[in-house]
Amino acid sequence: MVGVNPKRILVVGAGHVGLYAALRLSKKLSPREAEVVVVDPQPHMTYQPFLPEASAGNISPRHSVVPLRRELRRCKVVAGAVTRIDHASKTATVQPIIGPPREITYDHVVVAPGSVSRTLPIPGLHEHGIGFKTIGEAIYLRNHVLEQLDVAAATTDPEVRRRALTFVFVGGGYAGIEALAEMEDMARHALKYYPELNTSDMRWVLVEATQRVLPEVDRDMGAYTVQQLLKRDMDIRLDTRLESCVDGVVKLSDGDSFSADTIVWTAGVKPSPMLDATDFPREERRRVTCLPTLQVVDGDRVVEGAWSAGDCAAVPDLTKPPGNYCSPSAQHAVRQAQRMADNIVAVIRGRAPVPYKHKHAGSVASLGLHKGVAQVYGIKMTGWPAWFMHRTYHMSRIPSLNRKVRVVVDWTLAFVLKREVVALGQLHDPREEFAEASQPPSKV
């Protein structure tokens, strides 16, 4: 039976897990049963699989994000960051985007802060590298690449041109491969408007520490991907590590060294550092330990009222032998969020939670416009069919009909209109011109 006082469910983070869980909870629980509170510093959820498409200009950046307040109308949305969770007292400390910190008590907490880029102490990486996990990074990379074409076209110095047209991507997973392929595809198209430049002037380098790319698919599909990138004259460095990039001079473990103004880091993720300010149990990779029911577990003891899923959670994969965990993918995150929400509803209503079990269906990746690779339920596809499946799948998964329609309209217009290749670099420092114009006159 539901008690007189409604339960408060605190959702920490509004990424794939947080948004889908909150949306499902708000639909399945009445206001008399529970109040759902969502805390996130961003006013939107970023659908990360669309970052390469947004960066390449295939879809509008606004259409790759989902506004929280519009989708979570039955939830209370707090714009801020959770800085501490004391589950022993079931209290979270929240720092709003403005004002003093506040404490929020709860009955159930969904720990879903997601992940951040996993970096290494490589000299120069902090100063010269850029990640590819947020919409801001994706749009910055687009503008930066297009600006480098302008730099190369304007200069008469061959070394400056060579450096401007050298683009280095570190990491051969899905994020790195898709970002590299989409950016090269966009830049190749843009060169039609640069008579001073040739496609052979550009150098696109992929640096991967292992001996293969796309580890989520079979080796033959990874090999096909490498072959397709090589056909586009890309420089693929497998079993190679980035050792330094001080002053933009890239030094690789194979002994090669060259200058580059663009260094993109996509070499994996790690759980959000916010978890360090909690009292939840964690495993060696610093993920929150969970049962297949998505309940947080400390050894053999279930931590009552605590739930987690997604990149920051170690969730046993019941489709594999013991000791295996679900991979950090959107495919698992969305399904875990739905199962977790149903389990929270079940517990509130006095029923037992159900374990999460999902056999990884496969993976799809875009290699640029009309190019792709896919392996779904054992079926392998390449080229246009794989690219079409990639778009169809992700269009079906992005939340809300509004976003689905807008994305389809973007794609449809792209068939009849030329790709936009304009750099809007002023977006990243919009006050520079005004600050210069408003400076007081210098005294003579």
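Residues numbered from 1 in each chain as written. Predicted model: local features only at pLDDT ≥ 70, side-chain atom pairs only at ≥ 80, totals over all residues. Heavy atoms only, no water.

(A) Quick look at the layout of surface pockets. In this model, the second largest pocket occupies a volume close to 630 Å³. Sorting the residues of the lining of the second largest pocket by element identifies helix H5 (135–154), helix H10 (383–397) and helix H11 (401–416) as the ones contributing at least two each. No other element matches H11, which puts five residues into the lining of the second largest pocket. (1 Å grid on protein atoms, 1.4 Å probe; cavity = no way out; pocket = protein on both sides within 12 Å on 5 of 7 lines; lining within 4 Å. Points joined across faces, edges and corners; volume = space filled by probe spheres on them. Helix = DSSP H or I, 4+ residues; strand = E, 2+ residues; numbered from the N terminus.)

(B) The arrangement of the packing of H10 against H11 in detail. At their nearest, the axes of H10 and H11 sit 9 Å apart, and the two run at 150° to each other. As far as their axial angle goes, H11 and H10 are roughly antiparallel. Relative to H11, H10 is oriented so that their crossing is right-handed. Contact residues: H10 offers Trp 387, Arg 391, Met 395, Ser 396 and Arg 397, while H11 offers Lys 404, Val 408, Trp 411 and Phe 415. Residue classes in the contact of H10 with H11 are distributed as five nonpolar, one polar and three charged. (Axes fitted to C-alpha atoms, helices over the stretch in contact; angles between N-to-C directions. Parallel < 35°, antiparallel > 145°, perpendicular 65-115°, else oblique. Left-handed = near helix turned anticlockwise from the far one by under 90°. Contact = heavy atoms within 4.5 Å. Nonpolar A, V, L, I, M, F, W, Y, C, P; charged D, E, K, R; others polar.)

(C) Spatial organisation of the environment of Thr 225. Looking at the element boundaries, Thr 225 is found in helix H8 (residues 219–231). The class of Thr 225 is buried, set by a relative accessible area of 0%. For the pair Thr 225 and Ile 177, spaced 48 residues apart in the sequence, the C-alpha separation amounts to 8.7 Å. Ignoring sequence-local partners within four residues, the contact set of Thr 225 consists of Ile 177, Val 213, Leu 214, Leu 367 and Val 373. (Buried < 20%, exposed > 50% of the residue type's maximum accessible area, 1.4 Å probe, protein only.)

(D) Up close: the packing of aromatic side chains. Under the defined criterion, the tally for this structure stands at six aromatic pairs. Relative to Trp 411, the ring of Phe 50 has its centre 5.8 Å away and its plane inclined at 85°; by these criteria the two rings are edge-to-face. Taken together, the residues span a long stretch of sequence, with Phe 50 in the loop between strand E3 (44–46) and helix H2 (51–56) and Trp 411 in helix H11 at a distance of 361 residues. Comparing Phe 50 with Trp 411 shows no difference in burial state: the two are buried. When the ring of Phe 167 is compared with that of Trp 204, the centres are 4.2 Å apart and the planes differ by 25°; the resulting orientation is stacked. Of this pair, Phe 167 sits in strand E11 (residues 166–170) while Trp 204 sits in strand E12 (residues 203–207); the two residues are 37 residues apart in sequence, bridging distant segments of the chain. A single burial state applies to Phe 167 and to Trp 204, both of which are buried. Linked through ring pairs, Tyr 47, Phe 50 and Trp 411 together constitute an aromatic cluster. In this structure, Arg 203 is placed above the aromatic ring of Phe 258, and the distance from its NZ or CZ to the ring centre is 4.1 Å. Between the NZ or CZ atom of Arg 287 and the centre of the ring of Tyr 325, over which it lies, the distance is 5.2 Å. (Phe/Tyr/Trp six-rings, centres within 6.5 Å; stacked < 30°, edge-to-face > 60°. Lys NZ or Arg CZ within 6 Å of the ring centre and 35° of its normal.)

(E) Focus on the pattern of salt bridges. All chains considered together, the criterion is met by 21 salt bridges. Linking Asp 342 and Arg 24 is a salt bridge whose minimum nitrogen-to-oxygen distance equals 2.8 Å. With Asp 342 in helix H9 (residues 330–348) and Arg 24 in helix H1 (residues 16–28), this residue pair connects regions lying 318 residues apart in the sequence. Judged by relative accessible area, which is 15%, Asp 342 ranks as buried. Residue Arg 24 is classed as partly exposed on the basis of its relative accessible area of 28%. In this structure, the salt-bridge partner of Arg 282 is Asp 276, at a minimum N-O distance of 2.7 Å. The class of Arg 282 is buried, set by a relative accessible area of 19%. (Salt bridge = Lys/Arg side-chain N within 4 Å of Asp/Glu carboxyl O.)

(F) Region of the structure containing a negative patch on the surface. A grouping of Asp 429, Glu 432, Glu 433 and Glu 436 is seen on the molecular surface, where their side chains present a negatively charged patch. Relative to the helices and strands, Asp 429 resides in the loop between H11 and helix H12 (432–437). A residue is classified by how much of its surface remains accessible, and Asp 429, at 43% relative accessible area, is partly exposed. (Patch = residues over 30% accessible without salt bridge, like charges linked within 9 Å, V, L, I, M, F, W, Y side chains within 5 Å. Areas by Shrake-Rupley, 256 points an atom, 1.4 Å probe, with all protein chains shown as cover. Lys, Arg positive; Asp, Glu negative; His and termini not counted. Charge placed at Lys NZ, Arg CZ, Asp CG, Glu CD.)

(G) Geometry of the sheet that holds strand E2 (residues 34–40). If you walk across this open sheet you meet the eight strands as E7-E6-E5-E2-E1-E8-E21-E20, and the pairing is mixed. Sheet topology places strand E7 (102–105) and strand E20 (295–298) at the edges, where each strand pairs with a single neighbour. On average, each strand axis in the sheet is tilted by 45° relative to the strand beside it, whichever way the strands run. Where strand E1 (residues 7–12) and strand E8 (residues 108–111) come together, four bridges link them in parallel fashion. Within the sheet, the bridge partner assigned to Val 12 lies in E8 and is Val 111. (Pairing = 2+ DSSP bridges.)

(H) Molecular detail of the nonpolar core. With 113 residues, the main nonpolar core has Ile 9, Leu 10, Leu 72, Phe 169, Trp 204 and Met 340 as its most contacted residues. Once residues lying within four places of it in the same chain are set aside, the contact partners of Ile 9 are Leu 25, Leu 29, Ala 34, Glu 35, Val 36, Val 37, His 108, Val 110, Ile 344 and Ile 348. The next biggest cluster of nonpolar side chains, apart from the first, holds 15 residues, and it includes Val 207, Cys 245, Ala 260 and Ala 267. (Core = buried A, V, L, I, M, F, W, Y, C linked by side-chain atoms within 4.5 Å.)

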